[in-house]
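Structural features, examined
Residues per chain, in single letters:
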Amino acid sequence: MAKLEIFFPIKPIQITQAFGVNGDFYKANGINIKGHNGLDLNAYTGQPVYAAHDGMCFVQVDSKQGHGVVLITEDEREYVSPNCPEGRAVFKTIYWHLLPTIPVSNGQRVRCGDLLGFADSTGLSTAPHLHFGLKPIRYKFGSVQDGTDLSGWENIEQDNGYLGAIDPTPYFNNYYAFDYK
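Residues numbered from 1 in each chain as written. Predicted model: local features only at pLDDT ≥ 70, side-chain atom pairs only at ≥ 80, totals over all residues. Heavy atoms only, no water.

Before going further, it helps to examine the overall build of the chain. Along its length, the chain carries two helices and 13 strands. Scaling as 2.2 N^0.38, a compact globule of 181 residues should have a C-alpha radius of gyration of about 16 Å, and the chain matches this with 15 Å. Projected onto its principal axes, the C-alpha positions of the chain cover 40 × 40 × 30 Å. Counting the 181 residues in the chain, one finds 50% classified as buried. A separation of at least 24 residues holds for 69% of the contacts in the chain among residues at least 6 apart in sequence. When the accessible area of the chain is evaluated, it comes to approximately 9,000 Å², of which 50% is carbon and sulfur surface. (Helix = DSSP H or I, 4+ residues; strand = E, 2+ residues; numbered from the N terminus. Rg over C-alpha atoms; globule rule 2.2 N^0.38 Å. Buried < 20%, exposed > 50% of the residue type's maximum accessible area, 1.4 Å probe, protein only. Contact = heavy atoms within 4.5 Å. Areas by Shrake-Rupley, 256 points an atom, 1.4 Å probe, with all protein chains shown as cover.)

Structure follows, in structure tokens:
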């Protein structure tokens, strides 16, 4: 079984906030996480954001009017963790703070390098950027899911202090999704 390999979702890549940093900031603002649960990537308003891997899309809006896309791999990949004795997981990548005019729809299958949306500063954001997250997941109700929503999935690492997120950095292959097509 192969390890997950993901492409950079925007070009060029510049990390402005790394995974796990600024724990005191989140604590002071009443956010119950150990630190940043993704990577913030420098982006300008309207900058295209591309799928970092093949998968199925889910368009999301949070309670603070943050807009984004969740992209789920359609096959299992190697994942080693005490919380995952089977040694494999499906993964979801999270693309957040997008303009509300998202060109994909729920259940739509995309290929690596397909356009998912455009960067912005929606939700709890102070400037345009792309928040990019990665979570290993499994389907709660067996091995088959119908693709209509995210309710059947659970985060394998939900209790890790980062709301189930893991550092995406080791999974990057150092190529741009934009160039993949």
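Moving on, there is more to tell.
Moving on to the nonpolar core. Within the largest apolar cluster, 35 residues are counted, with the highest numbers of intra-cluster contacts made by Tyr79, Phe91, Tyr95, Leu116 and Tyr171. Elements that contribute at least two residues to this core include exactly strand 1 (6-8), strand 3 (39-42), strand 6 (67-72), strand 8 (88-96), strand 11 (129-139) and strand 13 (172-176). Residues in contact with tyrosine 79, not counting those within four places in the same chain, are Cys84, Gly87, Arg88, Ala89, Phe91, Pro136, Ile156, Glu157, Ile166 and Tyr171. Judged by nonpolar contacts, the second largest core, of 11 residues, contains Met56, Phe58, Trp96 and Leu150. (Core = buried A, V, L, I, M, F, W, Y, C linked by side-chain atoms within 4.5 Å.)

This part is about the pairing of strand 8. Counting buried positions along strand 8 yields eight of nine residues, so the element is predominantly enclosed. Strand direction decides the pairing type here: strand 6 and strand 8, joined by five bridges, are antiparallel. Within strand 8, the position partnered with leucine 71 by the bridge is threonine 93. Across two bridges, strand 7 (residues 77-78) lies against strand 8 in antiparallel orientation. Bridge pairing in strand 8 places glutamate 78 opposite arginine 88. Inspection of the sheet shows strand 8 paired to strand 11 by seven bridges, in the antiparallel sense. Within strand 11, the position partnered with isoleucine 94 by the bridge is glycine 133. (Pairing = 2+ DSSP bridges.)

Attention now goes to unusual backbone geometry. In this structure, the amide linkage connecting lysine 11 to the following residue, proline 12, adopts the cis form with an omega of 0 degrees. Mapped onto the fold, proline 12 is located in the loop between strand 1 and strand 2 (15-17). Positive phi outside glycine occurs at leucine 163, with the angle close to 55 degrees. For leucine 163, the position within the fold is in the loop between strand 12 (153-155) and strand 13. The exposure class assigned to leucine 163 is partly exposed, which follows from its relative accessible area of 38%.

Here threonine 122 lies in the loop between strand 10 (115-118) and strand 11. In terms of polar contacts, threonine 122 uses its side chain to reach the backbone amide nitrogen of histidine 67, at 3.0 Å. At 3.2 Å, the side chain of threonine 122 and the backbone oxygen of leucine 98 are in polar contact. In contact with threonine 122, other than residues within four places in its own chain, are Gln65, Gly66, His67, His97, Leu98 and Pro100. (Polar contact = N/O pair within 3.5 Å; in protein donor to acceptor, adjacent residues only side chain to side chain.)

This part covers the state of the cysteines. Counted under the stated rule, the structure contains zero disulfides. Left unpaired, cysteine 57 is separated from the closest cysteine sulfur, that of cysteine 112, by 12 Å. The exposure class of cysteine 57 is buried, given its relative accessible area of 0%. (Disulfide = S-S within 2.5 Å.)

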